[in-house]
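Listed below are the residues making up each chain.
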Amino acid sequence: MVNACACNAGLSNTGTGCSPFWQVAVKLIVVPYYDANGNQNSIDLTDTLNQAYFTALINESDNSLRWLPLPSMLNVEDTRGESLMETFENGSMMFVQQGARSFKSIIAGRDATPQLLGNLNSFRCVPFGVYGIDKQGNLIGSIGTQDPCDITNLYPIRVDENSWDPTWTKPTDKTVQKINMGFYFHMDEDDASLRMITASEHNANLLTVKGLVDVCSEYSNLELTSFTVTLNTFFGTILNPVRVEGLVAGDFALYNVTDSAAVTISTCTETSDGVYDITFTAQTGLDVLRLTPTLTGYDFAKVIANTISLPAT
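Residues numbered from 1 in each chain as written. Predicted model: local features only at pLDDT ≥ 70, side-chain atom pairs only at ≥ 80, totals over all residues. Heavy atoms only, no water.

**Q** What's the story with the sheet that holds strand 4 (residues 74-80) in this structure? I'm lost.
**A** One open sheet accounts for four strands, arranged 4-7-13-12; its pairing is antiparallel. Looking at the sheet topology across the chains shown, the edges are occupied by strand 4 and strand 12 (167-169). Between one strand and the next, the sheet's axes are offset by a mean angle of 15°, whatever the strand orientation. Sheet contacts for helix 2 (residues 114-121): strand 7 (101-108), strand 12 and strand 13 (178-184); angle to strand 13, the most-contacted strand, approximately 15°. (Pairing = 2+ DSSP bridges. Helix = DSSP H or I, 4+ residues; strand = E, 2+ residues; numbered from the N terminus. Axes fitted to C-alpha atoms, helices over the stretch in contact; angles between N-to-C directions. Contact = heavy atoms within 4.5 Å.)

**Q** Explain the pattern of salt bridges to me, please; I cannot follow it from the model alone.
**A** For side chains of opposite charge, pairing can occur when their charged atoms come near one another. Counting across every chain of the model gives five salt bridges. The closest approach of N and O atoms between Arg101 and Asp78, which form a salt bridge, is 3.0 Å. Placement of the pair is Arg101 in strand 7 and Asp78 in strand 4, with a sequence separation of 23 residues. Looking at Asp78, the relative accessible area reads 37%, which means it is partly exposed. Ionic pairing is found between Arg101 and Asp191, a salt bridge with its closest N-O pair at 2.9 Å. Residue Arg101 is located in strand 7, and its partner Asp191 is located in the loop between strand 13 and strand 14 (194-197); the two are separated by 90 residues in the primary sequence. Look at Arg101 and you get buried, because its relative accessible area is 17%. Under the relative-accessibility criterion, Asp191 is labelled partly exposed at 28%. Through salt bridges with shared partners, a single ionic network connects Asp78, Arg80, Arg101 and Asp191. (Salt bridge = Lys/Arg side-chain N within 4 Å of Asp/Glu carboxyl O. Buried < 20%, exposed > 50% of the residue type's maximum accessible area, 1.4 Å probe, protein only.)

**Q** Help me out: how do you make sense of the packing of aromatic side chains in this one?
**A** For any pair of aromatic rings, the description consists of the separation of the ring centres together with the inter-plane angle of the planes. A complete count under the given rule lists 15 aromatic pairs for this structure. Relative to Phe54, the ring of Tyr53 has its centre 5.1 Å away and its plane inclined at 90°; by these criteria the two rings are edge-to-face. Of the two residues, Tyr53 and Phe54, both sit in the buried class. Its end group placed over the ring of Tyr33, Arg158 keeps NZ or CZ at 4.9 Å from the ring centre. (Phe/Tyr/Trp six-rings, centres within 6.5 Å; stacked < 30°, edge-to-face > 60°. Lys NZ or Arg CZ within 6 Å of the ring centre and 35° of its normal.)

**Q** Help me understand the nonpolar core in this model?
**A** Most often, soluble globular proteins have nonpolar side chains that are buried together. Of all hydrophobic cores here, the largest spans 22 residues; its most connected members are Leu70, Leu120, Trp164 and Ile179. Within the residue set of this core, elements represented by two or more residues are strand 1 (25-32), strand 7, helix 2, strand 8 (128-134), strand 11 (157-159) and strand 13. When residues no more than four places from it in sequence are discounted, the contact partners of Ile179 are Ser105, Ile106, Ile107, Ala112, Thr113, Leu116, Leu117, Leu120, Pro166, Thr167 and Trp168. Counting 20 residues, the second largest nonpolar core, distinct from the first, contains Cys268, Tyr276, Phe280 and Val303. (Core = buried A, V, L, I, M, F, W, Y, C linked by side-chain atoms within 4.5 Å.)

**Q** Which parts of the structure should I look at to understand the sheet that holds strand 22 (residues 288-293)?
**A** Strand pairs in the sheet, formed through backbone hydrogen bonds, run parallel or antiparallel to each other. Taken in spatial order, the four strands of this open sheet run 19-18-22-24, and their pairing is antiparallel. Each having just a single partner strand, strand 19 (261-263) and strand 24 (308-309) make up the two edges of the open sheet. Taken together, the three bridges between strand 18 (residues 252-256) and strand 19 define a ladder with antiparallel strand orientation. Across the sheet, the residue bridging to Leu254 is Val263, located in strand 19.

**Q** What is the right way to read helix 2 from this model?
**A** Since there are 3.6 residues in each turn of an α-helix, residues three or four apart along the chain are aligned in direction. Three or more residues of helix 2 are buried, namely Leu116, Leu117 and Leu120. Seen end-on, helix 2 carries its buried residues on one side only, within an arc spanning 105°. Buried positions along helix 2 lie against strand 7, strand 12 and strand 13. (Arc of directions from axis to C-beta.)

**Q** Before we go on, may I ask you to explain the side chain of Thr228 in this structure?
**A** Looking at where Thr228 falls in the secondary structure, it is placed in strand 16 (residues 226-236). If near-sequence neighbours (up to four positions away) are discounted, Thr228 is found in contact with Glu218, Tyr219, Ser220, Asn221, Val275, Tyr276 and Asp277.

**Q** Is there a simple way to think about unusual backbone geometry in this case?
**A** Across the chain, the bulk of peptide bonds are trans and the bulk of non-glycine residues have phi less than zero. Of note in the backbone geometry, Asn203 takes a positive phi value of approximately 55° without being a glycine. Mapped onto the fold, Asn203 is located in the loop between helix 3 (199-202) and strand 15 (213-220). Unusually for a residue other than glycine, Asn221 sits at a positive phi of about 55°. If you trace the backbone, Asn221 turns up in the loop between strand 15 and strand 16. Since its relative accessible area comes to 54%, Asn221 is described here as exposed.

Structural data, given as C-alpha cells:
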C-alpha cells in the first residue's frame, strides 16, 4: 500500500498512550469480504458482543455472512517483506511501496484432515478476509480507511485469495499429519489500521470456537407415511462415518415440494447412532419431500438439497 502525501502535509504526532500488548495469533476466523449484496462484512461496534453473538455468526444460514473459524495453529510466522525502493544513479532511493505481508502456520494432528484441506482449497474462489485471535483470546481486525476519530466497524483483514495455498503433509515415523497454511495479505491492507477488541471487551471464548461440520443424508425404507434417514458427516472412515446423533422430532422440519405445503412429523426414533425412523401424515405417491434438520454446529445444506422422491404407492 502506498500512502499518498497531501501537498500541505506535515509530520504526524508521535505521542503514545496505554494500549493492550499484541500477542501471537493462534487462530484465524475466515469471513467473506462481501455479503450477497456487495456490502463489506464487519463487526458493528454498537452491537452487543458476547458468546451468543459469535455463535450466531458461525451458524449463519447465509454463506455470505458466515464466520468460519479454523482450528488452532502452531509455528505462526506473520511478517512483512522489505519495501520496494527505486535506486537512482547518484545512490539515492525513493520509496515505491511497502512489501507484502506473508502468513505461515501449521494445523497439526487430528484437525489436519484431507477433508478440511478440500474445504480450505475452495477459499480461492471468493474474496475473503480474516480476524486473528491471539493467545489471550483478543480479536484483531482492521479499521480500513475509517477516520480514527469516527470508528464504527471492525473489518476482517483482507487476504489475497489468489495466494491462498494450504497443503497437506502426510505423517512419517517421527511426525504427525499437518496442513501447512500459507498466504499473503492483500496489498491494500495497512498495518497502521490494525485494531484489537480484547477478550474482556467481547465477552466470549474465541479460542475454542469451531466451524460448522458438513452433513450428507441417505434415505431408505421409503413409504407414503415414513422413511429412514441416515445423517453422515465427512469425517470418520468411508465405511464408518461420524454421524449426527441425538436429534428429536422437533429438530426436523418436513416439506412437500410438490404441493408447496408443510408436512407434520408424527414421530422420530433414533434406531442407531445417527439413523432416524421418521413417520408423518400420509402423502401422495411420487410426491417430492424436503427434510430440514436443525442443530447448531452443523451445515445441513446438502441434506436440504437431497430431496426425497416418494414411491408410487
